Amino acid sequence: MASKSDIVQALLDRHGRTFCQELGIRLDRNEPAALFQWLVASNLFSTQIGFEHGARAARDLFDAGLTTPQKMHDSQWKTRVRILNEAGYARMDEKYATYLREMSAQLLDAYDGDLRKLRKAAGQHPGQAIKRLKKFDGISKSGASIFCREVQAVWDELYPFADAKALQAARTLDLGSDAETLTGLVDKNDFPRLVAALVRADLENDLDATRDAA
């Protein structure tokens, strides 16, 4: 029977890349544009459409230059609709095109387009940060959790953070049922990678194969 450390190593070997790394978002810099881009991706990932469509939509929006709240806000509605439609949001393209503009407007109005100011306004308190994130159009509890899952790498007060999807996968692999338990399996710097790997393995129906590979 594989040990927990063997399972964790297999997870990291097979799926140990954060979603920000996949999208080319330099979250490690903790700069406004990167934080905004991850908020956009978190918004898109929180739908029921599927990760691959969310990832394509995020990449295509960024490739079109919509990389800051001001640029997203000022973009043409039909441009956002087209990008989302082509990425697989056929029945939700108009809804999310509106969400992204309104979210950008709210971020500009409340925090001058800088999510670091949201962090400051929340008093670096995780619960308050999530509460404020959920006020953005399109950001549900799931979307806020997705955002926190990777931003914990630069917002220390969120560590350790593991959302429901990651913890479900962790329980399946007998790695633990809460974030605190998972911290004993990897160094702090690798924790976001572990949480992302758990989510990826679940999304790709690869949990059993990961256990077998350990």
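Our subject in this report is the structure included herewith. Sequence positions are assigned chain by chain, starting from 1 and proceeding in written order. Restriction of local features to residues with pLDDT of at least 70 applies here, the model being predicted, together with a cutoff of 80 or more for giving and counting side-chain atom pairs; totals for whole chains, interfaces and linings are based on all residues. The side-chain numbers reported here are obtained from all heavy atoms of the structure, hydrogens and water having been left aside.

Bringing the overall build of the protein chain into the picture now. Strands are runs of DSSP state E lasting at least 2 residues, helices are runs of H or I lasting at least 4, and numbering of each runs from the N terminus. Looking only at helices and strands, the protein chain has 14 helices and 0 strands in total. Starting at the N terminus, the α and β elements of the protein chain follow one another as α-α-α-α-α-α-α-α-α-α-α-α-α-α. The globule rule used for comparison is 2.2 Å times the number of residues to the exponent 0.38, while the radius of gyration itself is calculated over C-alpha atoms. In terms of overall size, the protein chain behaves like a compact globule, its C-alpha atoms giving a radius of gyration of 17 Å where 214 residues would be expected to give roughly 17 Å. Taken along the three principal axes of its C-alpha coordinates, the protein chain extends 55 × 40 × 25 Å. Per-residue accessibility, obtained with a 1.4 Å probe over protein chains only, is compared with the maximum for each type, and a residue is labelled buried under 20%, exposed over 50%, and partly exposed between these values. Across the 214 residues in the protein chain, those meeting the buried criterion constitute 51%. Counted over contacts in the protein chain with a minimum sequence separation of 6, partners at least 24 positions apart contribute 65%. Only the protein chains shown count as cover for residues, and the accessible areas themselves come from Shrake-Rupley with a 1.4 Å probe. Counting every atom, the protein chain has about 10000 Å² of accessible surface; 43% of that belongs to carbon and sulfur. The convention is simple: Lys and Arg are positive, Asp and Glu are negative, and His and the chain ends are not counted. Charge positions are represented by NZ for Lys, CZ for Arg, CG for Asp and CD for Glu. Both charge centroids of the protein chain, one from 30 positive and one from 31 negative side chains, sit 5 Å from each other. What makes two residues a contact is simply this: any of their non-hydrogen atoms within 4.5 Å.

We now examine the packing of aromatic side chains. Stacked, tilted and edge-to-face are the three classes assigned to paired rings of Phe, Tyr and Trp, where Trp is represented by its six-membered ring and a pair needs centres within 6.5 Å; plane angles under 30 degrees give stacked, over 60 edge-to-face, the rest tilted. Counting across every chain of the model gives 9 aromatic pairs. A ring pair is formed by Tyr 96 and Tyr 99, whose centres lie 4.9 Å apart and whose planes are at 90°; its orientation type is edge-to-face. Separated by 3 residues within a single helix, Tyr 96 and Tyr 99 lie in helix α7 (residues 93–111), roughly one turn from each other. On the numbers, 6.3 Å between centres and 75° between planes, the contact of Tyr 111 with Phe 136 is edge-to-face. Residue Tyr 111 is found in helix α7, and its partner Phe 136 is found in the loop between α9 (126–133) and α10 (141–151); the two are separated by 25 residues along the sequence.

Across the 11 residues of α10, 9 count as buried, placing the element largely inside the fold. Within α10, burial applies to Gly 143, Ala 144, Ser 145, Ile 146, Phe 147, Cys 148, Arg 149, Glu 150 and Val 151. Elements in contact with the buried residues of α10: α2 (19–23), α3 (32–45), α8 (115–121), α9 and α13 (191–203).

Moving on, we come to the side chain of Thr 47. With respect to the secondary-structure elements, Thr 47 resides in the loop between α3 and α4 (51–63). Identification of polar contacts relies on pairs of N or O atoms within 3.5 Å, with a donor-acceptor requirement for protein atoms, meaning one able to donate a hydrogen and the other able to accept it, and with residues adjacent in sequence counted only if both atoms are side-chain atoms. Within the structure, Thr 47 has its side chain in polar contact with the backbone oxygen of Leu 44 (distance 3.1 Å). Each residue touching Thr 47, except ones within four places of it in the same chain, is listed here: Tyr 89 and Tyr 96.

Take a side-chain nitrogen of Lys or Arg and a carboxyl oxygen of Asp or Glu: if they are within 4 Å of each other, that pair is a salt bridge. For the coordinates displayed, the defined rule picks out 15 salt bridges. One salt bridge connects Arg 149 with Asp 163, and the closest N-O pair in it is separated by 2.6 Å. Of this pair, Arg 149 sits in helix α10 while Asp 163 is found in the loop between α10 and α11 (164–172), placing the two residues 14 residues apart along the sequence. The pair Arg 149 / Asp 163 is uniform in exposure class, with both members buried. In this structure, Asp 190 engages Arg 193 in a salt bridge whose closest nitrogen and oxygen atoms are separated by 3.1 Å. A relative accessible area of 23% places Arg 193 in the partly exposed class. Each of Arg 17, Glu 22, Arg 59 and Arg 200 takes part in one network of salt bridges that share partners.

What follows deals with the nonpolar core. Grouped together as the largest cluster of nonpolar side chains are 71 residues, with contacts concentrated most on Trp 38, Leu 61, Leu 115, Leu 133, Phe 136 and Leu 198. By residue number, the principal contributor to this core is α3, which donates 9 residues. In contact with Leu 198, other than residues within four places in its own chain, are Leu 11, Ala 166, Ala 169, Ala 170, Leu 173, Leu 175 and Leu 182. For this analysis, a nonpolar core means a set of buried residues of the types Ala, Val, Leu, Ile, Met, Phe, Trp, Tyr and Cys, connected via side-chain atoms within 4.5 Å.

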